Amino acid sequence: MLSIFLYVTVVSLLILSITSVIYKRNLIKLVIALNIAESSVNLFFITLAYRPDSTAPIFTLAPALQELRMVLPSPQALILTNIVIGFATTALMLVLAVITYKNNGTLDIRKLKGVEDHD
Amino acid sequence: MTNHIPVLIITLPLIAAFLQPVTGFAGFKLRNLVIITILLVLNGLLFMLVPDVALQGKTIYYTMGASDPSQFTQPGISFPVRIVLKIDSFSLFTGIIVGVVTLTTFLFSTGTVKEDKRKSYFSTLFLLFTAGLMGMSFTNDLFNFFVFLEISSISGAALVAYRTYRKHAPYAGYKYILISTIATTFFLFGVGICYAQYGSFNIQYINSVLAHSYLDKVAMLFIIVAMAMKAGSVPMHMWVPDTYAEAPASISAMLKASGMVTLCAMFRFTFSLFGPSSSGAGKINYETLGWIVIVLGVLSMFIGVTMALIQHDVRRLMAFHAVSQTGYMLLGVGVGIAVFAKGDGGAAFKAFGKMAMVGGIFHIMNNAFYKNLLFLTSGVMERRFGTRNLNGMIGLGHRDTLTTVVFMIGALAIAGIPPFNGFDSKLLIYESVYKFSPVLAIIAMFVSVMTLASFMKVFYSSFMGPRRDDLIVEGAPLTKGTKAGLIILAALIILTGLFPGIIVDGIIEPAVTALTQIR
Amino acid sequence: MTFSVVLSILCAVILITAVLSILFRDLMAAVVSYAVFGLVMTVIYFMLDAPDVAIAEASIGAALTVCIFVIAIRMTRRREE
């Protein structure tokens, strides 16, 4: 029951970001949209790992060994990787957007279309 | 030592990449020598695996950090818990493509890519790209595949935008990373759906317990769409010409190799991940999937070649041909997929389906070689005339004999003219596809003729004609490394074209067998 | 019970901030909205028993990313054309 909210959030965030990637024209806005897509996938993995009435996967927090009940640790470890990768992607995209602005004087995709007629 | 080869193949370029700032101090010559040695060692390691893996059909596993790395599962546990690398004939085939392309491309780029003194951004990113592609070929773990995909796409985007002083290069890099990030997000979503059901990231384990539920089909859709997007198949092909045109010539060749590796991964996911499982539960509908792949392939072929005919920019023309050639591979393998699980007990698959797949997979290798060669020669043309426009090029044949000969070899190979390797794989595709559906074979031949026409246009307008030294911007002769890269690729094309039997029996046929065997 | 109510409210906040960060024509406002999105995401991770992910998201996702966004916007232009 609880996870339905989360899954609905994940799917709507993904749809929102993909639609805005298609319809938005500002290069920096596209980066924000992609970041939202990445966050939605992160939330998806964390929701997968969640088990009701259990503790965080840190050993000292476990109440007692015989009734050990933790959320799944491996998706959380993977999401740590994904957050860092997402930061790298964001940084690279922003750098490229800034250089594009310096070379062309605009961030609008429609005005950048002149690339195709380049000799 | 010998059982650590799989992990050495991935870690060697990774270590070398992070050594670059140090070796860069020793000057260009020494640094290039070190990198070429490392790439040669890489190729040597790959070919050391050929007798065991391809000829005898063994499968090598490498479990990271285990006491006995060659075991698939660890003692006491019935399923794999660590990252497992897997080398079967198919992934070895992918690795060999990456190895050869990387070596020749780096040889070429030693003479053409200029770097400021003691800076080694290019070689660092290049080696990271290599490590990412090698990892994508060999890993058996879905999340690990995602990480290597991200490594290759981040370093690839930085390389596409390498010449930031050019007006449009950063925007091309932006496009590449945009499409890669969308693809990797989709891929990770599909992986998450798989993990939710089976609790593992290991491809072989997931396949052995696959239930073929509705959710699996959704996951398959996400993963296949992501791979097709990165490979540049038709509905998502619009980034290909823009990106390939603005990148340095050697990086266009590497991007092509990256597309080939993604395509191979797509076929691997179709068969090894979502293929018929050993538990015998349900099946995906191979005929529908095959027809989807065939339609995508025919559209790619046709749209790619018709768009290429009207281009005036030599690199954009070649990029559209890259889309069109991807169509041939999709067509060949698609026919194989469509008859793979037909109701006649595999008779159709034995009769022509397997040959179609051999043709498609062989075409991946041939295409990697000659497309690489063509991109590299276009780099020479661009350097000489300072422009990519065909209207501004004339009479290069008077100056650069080697480039002319090599370009002719590449152009004839891509058009499928007999003594070169493009002919062998295209003939296999034509013959087998004709038995499946004659119309498709006729379309494929028609596209081949149009390819020849379009490359004759390039040859006529840039290499023939009067000698015009006033148009030449940079007249310095090619360096030894550049020549070596071109000659190795041309020799490989001719050798593969003259003796296709050795390659097909030695590498391609085992690869197809490893891909399609039902575990 | 309170747990699910709070979580569903946070999900709604996340959706609203995501939509706002897409809709704002002023890029700085969009980035601030994205920062709120990251912070609420951090709280959700913490409630779903993932404290280490929450720390990483708070430091990298909410703080560092917003920093480089602000730098990039200051180097280009602020209004979306």
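Our structure is the block above this text.
Residues numbered from 1 in each chain as written. Chains lettered and ligands numbered in written order. Predicted model: local features only at pLDDT ≥ 70, side-chain atom pairs only at ≥ 80, totals over all residues. Heavy atoms only, no water.

This part covers the interface of chain B and chain A. The interface is formed by 37 residues belonging to chain B together with 37 residues belonging to chain A. Across the chain B to chain A interface the summed buried area is about 3300 Å²; carbon plus sulfur atoms make up 78%. Counting the surface chain B buries against chain A, the share from its top three residues, B:Tyr171, B:Tyr174 and B:Phe189, is 22%. The tally of links from chain B across to chain A stands at six residue pairs in polar contact (both at pLDDT 80 or more). Counting only elements with at least two residues in the side of chain B that touches chain A, the list comes to α6 (142-160), α7 (169-198) and α10 (239-246) of chain B. Here the side of chain B that touches chain A takes 16 residues from α7(B), the largest share from any one element. Within the side of chain B that touches chain A, the residues separate by chemical class into 21 nonpolar, eight polar and eight charged. (Contact = heavy atoms within 4.5 Å. Buried area = accessible area lost by both parts, 1.4 Å probe. Polar contact = N/O pair within 3.5 Å; in protein donor to acceptor, adjacent residues only side chain to side chain. Helix = DSSP H or I, 4+ residues; strand = E, 2+ residues; numbered from the N terminus. Nonpolar A, V, L, I, M, F, W, Y, C, P; charged D, E, K, R; others polar.)

With that settled, the discussion passes to the interface of chain C and chain A. Each side of the interface is counted separately: chain C has 43 residues, and chain A has 47 residues. Across the interface of chain C and chain A, roughly 3900 Å² is buried in total on both sides, 75% from carbon and sulfur atoms. Taken together, chain C and chain A are joined by zero salt bridges. Our count for the contact surface shared by chain C and chain A stands at six residue pairs in polar contact (both at pLDDT 80 or more). Going through the elements one at a time, α1 (2-23), α2 (27-47) and α3 (51-75) of chain C are the ones with two or more residues in the side of chain C that touches chain A. In terms of residue count, the dominant contributor to the side of chain C that touches chain A is α3(C) (13 residues). Taken together, the residues of the side of chain C that touches chain A break down into 31 nonpolar, five polar and seven charged. (Salt bridge = Lys/Arg side-chain N within 4 Å of Asp/Glu carboxyl O.)

Take the two pairs of chains in contact: the one carrying the most contacts is chains A and C. These two, chain B and chain C, are apart from each other, with no contact and a minimum C-alpha gap of 14 Å.

What follows deals with the packing of helix α4 (residues 89-112) of chain B against helix α11 (residues 249-273) of chain B. Residue and element names in this part refer to chain B. Interhelical geometry of α4 versus α11 gives an angle of 175 degrees and a closest axis separation of 9 Å. As judged from the angle between their axes, α4 and α11 are roughly antiparallel. Contact with α4, carried on its side by Phe-90, Phe-93, Thr-94, Val-98, Val-101, Thr-102, Thr-105, Phe-108 and Ser-109, involves Ala-249, Ser-250, Ala-253, Met-254, Ala-257, Val-261, Cys-264, Phe-267 and Arg-268 of α11 and no other residues of that element. Of the residues contributing to the contact of α4 with α11, the split by class is twelve nonpolar, five polar and one charged. (Axes fitted to C-alpha atoms, helices over the stretch in contact; angles between N-to-C directions. Parallel < 35°, antiparallel > 145°, perpendicular 65-115°, else oblique.)

All names here are of chain B. In this structure, Phe-93, Phe-187, Phe-269, Leu-331, Ile-361 and Ile-364 are the most contacted members of the largest nonpolar core, which totals 252 residues. Here the element with the most residues in this core is helix α14 (residues 347-385); it accounts for 20 residues. In this view, Ile-364 contacts Phe-93, Ile-97, Met-260, Leu-263, Cys-264, Phe-267 and Met-329; residues no more than four positions away in its chain are not counted. (Core = buried A, V, L, I, M, F, W, Y, C linked by side-chain atoms within 4.5 Å. Buried < 20%, exposed > 50% of the residue type's maximum accessible area, 1.4 Å probe, protein only.)

It is worth spelling out the packing of aromatic side chains at this point. Evaluated as defined, the whole model comprises 29 aromatic pairs over all chains. Ring centres of B:Trp291 and B:Phe436 lie 5.4 Å apart, and the angle between their planes is 35 degrees; this geometry places the pair in the tilted category. Remark: B:Phe436 occurs in helix α16 (residues 421-436) and B:Trp291 occurs in helix α12 (residues 286-309); sequence separation between them is 145 residues. With relative accessibility at 36%, the residue B:Trp291 sits in the partly exposed group. Members of the aromatic cluster, connected to one another through ring pairs, are A:Tyr7, A:Phe44, A:Phe45, B:Phe186, B:Phe189 and B:Phe222. Over the ring of B:Phe375 we find B:Lys371; its NZ or CZ atom is 5.8 Å from the centre of that ring. Just above the ring of B:Tyr328 sits the side chain of B:Lys426; from NZ or CZ to the centre is 4.7 Å. (Phe/Tyr/Trp six-rings, centres within 6.5 Å; stacked < 30°, edge-to-face > 60°. Lys NZ or Arg CZ within 6 Å of the ring centre and 35° of its normal.)

Attention now goes to the pairing of strand β2 (residues 84-87) of chain B. Residue and element names in this part refer to chain B. Of the two faces of β2, the one holding Val-84 and Lys-86 and the one holding Leu-85 and Ile-87 are both buried throughout. Bridge count between strand β1 (residues 60-63) and β2: four bridges; the pairing is antiparallel. Within β2, the residue paired with Ile-60 across the bridge is Ile-87. (Pairing = 2+ DSSP bridges.)

For the rest of this paragraph, the subject is the environment of C:Leu20. Along the polypeptide, C:Leu20 turns up in helix α1. Taking the C-alpha atoms as reference points, C:Leu20 and C:Ser33, separated by 13 residues in sequence, lie 6.6 Å from one another.

Moving on to empty space enclosed by the protein. Following the criterion strictly, the structure yields eight cavities of 30 Å³ or more and no others. By volume, the largest cavity is sized at about 130 Å³. Along the walls of the largest cavity sit 14 residues, with A:Asn35, A:Glu38, A:Ile83, C:Tyr34 and C:Gly61 positioned nearest its centre. Those elements that place two or more of their residues in the lining of the largest cavity are α2 (27-49) and α3 (73-104) of chain A together with α3 of chain C. Sorting elements by how many residues they give to the lining of the largest cavity places α3(A) first, with five residues. Taken together, the residues that form the lining of the largest cavity break down as four nonpolar, eight polar and two charged. There is about 100 Å³ of room inside the second largest cavity. Taken together, 15 residues form the lining of the second largest cavity, with B:Ala231, B:Gly232, B:Val240, B:Tyr244 and B:Gly259 sitting closest to its centre. Counting residues per element, the ones that place at least two in the lining of the second largest cavity are α9 (214-231), α10, α11 and α13 (314-338) of chain B. At five residues, the largest contribution of residues to the lining of the second largest cavity is made by α11(B). Partitioned by chemical class, the residues of the lining of the second largest cavity number nine nonpolar, four polar and two charged. (1 Å grid on protein atoms, 1.4 Å probe; cavity = no way out; pocket = protein on both sides within 12 Å on 5 of 7 lines; lining within 4 Å. Points joined across faces, edges and corners; volume = space filled by probe spheres on them.)

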